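Coordinate analysis (summary)
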Amino acid sequence: MSSPEEQASVEALQAEVAALQEALSLLQREKAEMELLMQMTAEHSDSVADELYSTVEATQRESEERFRTLVENQGEGIGIVDLEEQFTFANPAADRIFGVPLGSLVGKNLREFLEPEQFARIRQQTEKRKRGEASTYETELVRPDGEKRHLLVTVTPQFDNAR
């Protein structure tokens, strides 16, 4: 038989074990709730991220469409040429100014529309663009039908990030 003191000590230890088991059980429930909450938060954040990405894409498409509409309906010719004077972009007004079918100016070289001395002036302007200088100048082009057009040209340097 054990003494009353030992009995009290055993009972105290049993109570402490029971309290620890209850605390452990509570912690396990809280852990399960936290894991569920984290899973729900992750799913929600994925949903929010997907929705945000979709909104950004839609906004970008709308912006690009507005820009495209503006450029395509612009009354003034807009063209982009590379450093060899090859058209990489032209709006419909530029096609009309140069007297070519719509959409066919891209891929053509300015040399096809200029007298040699005018083309030499253009090459000088391109050298300025290479140095980062913008400029405005006049030139004369000859359309495929032989009609001459005097143009006031405004150029700005534009280089892709690869250069």
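Predicted, not measured: the structure shown is a model, and the values here were computed from it.

Further remarks concern the nonpolar core. Phe 87, Phe 98, Leu 105, Leu 110, Phe 113, Leu 114 and Leu 141 are the most contacted members of the largest nonpolar core, which totals 16 residues. Every element with two or more residues in this core is listed here: strand S2 (87-90), helix H2 (92-98), helix H3 (116-130), strand S3 (135-142) and strand S4 (148-155). Every residue in contact with Phe 87, bar those within four places of it in the chain, is listed here: Gly 79, Ile 80, Val 81, Phe 98, Leu 105, Val 106, Gly 107, Lys 108 and Leu 110.

To continue, consider the packing of aromatic side chains. Applying the stated rule across the entire model yields 2 aromatic pairs. On the numbers, 5.4 Å between centres and 80° between planes, the contact of Phe 87 with Phe 98 is edge-to-face. Of the two residues, Phe 87 is situated in strand S2 and Phe 98 in helix H2; the sequence distance between them amounts to 11 residues. A relative accessible area of 5% means that Phe 87 is categorised as buried. Judged by its relative accessible area of 9%, Phe 98 is buried. Taking the centre distance of 4.9 Å and the plane angle of 80° together, the rings of Phe 98 and Phe 113 count as edge-to-face.

Turning our eyes to something else, we now look at the environment of Val 153. Mapped onto the elements, Val 153 comes out in strand S4. Judged by relative accessible area, which is 18%, Val 153 ranks as buried. C-alpha separation for the pair Val 153 and Lys 130, spaced 23 residues apart in sequence, amounts to 17 Å. Those residues in contact with Val 153 that sit more than four places away from it in its chain are Ser 135, Thr 136, Tyr 137 and Thr 139.

Thresholds, definitions, all that
- Residues numbered from 1 in each chain as written.
- Predicted model: local features only at pLDDT ≥ 70, side-chain atom pairs only at ≥ 80, totals over all residues.
- Heavy atoms only, no water.
- Core = buried A, V, L, I, M, F, W, Y, C linked by side-chain atoms within 4.5 Å.
- Buried < 20%, exposed > 50% of the residue type's maximum accessible area, 1.4 Å probe, protein only.
- Helix = DSSP H or I, 4+ residues; strand = E, 2+ residues; numbered from the N terminus.
- Contact = heavy atoms within 4.5 Å.
- Phe/Tyr/Trp six-rings, centres within 6.5 Å; stacked < 30°, edge-to-face > 60°.

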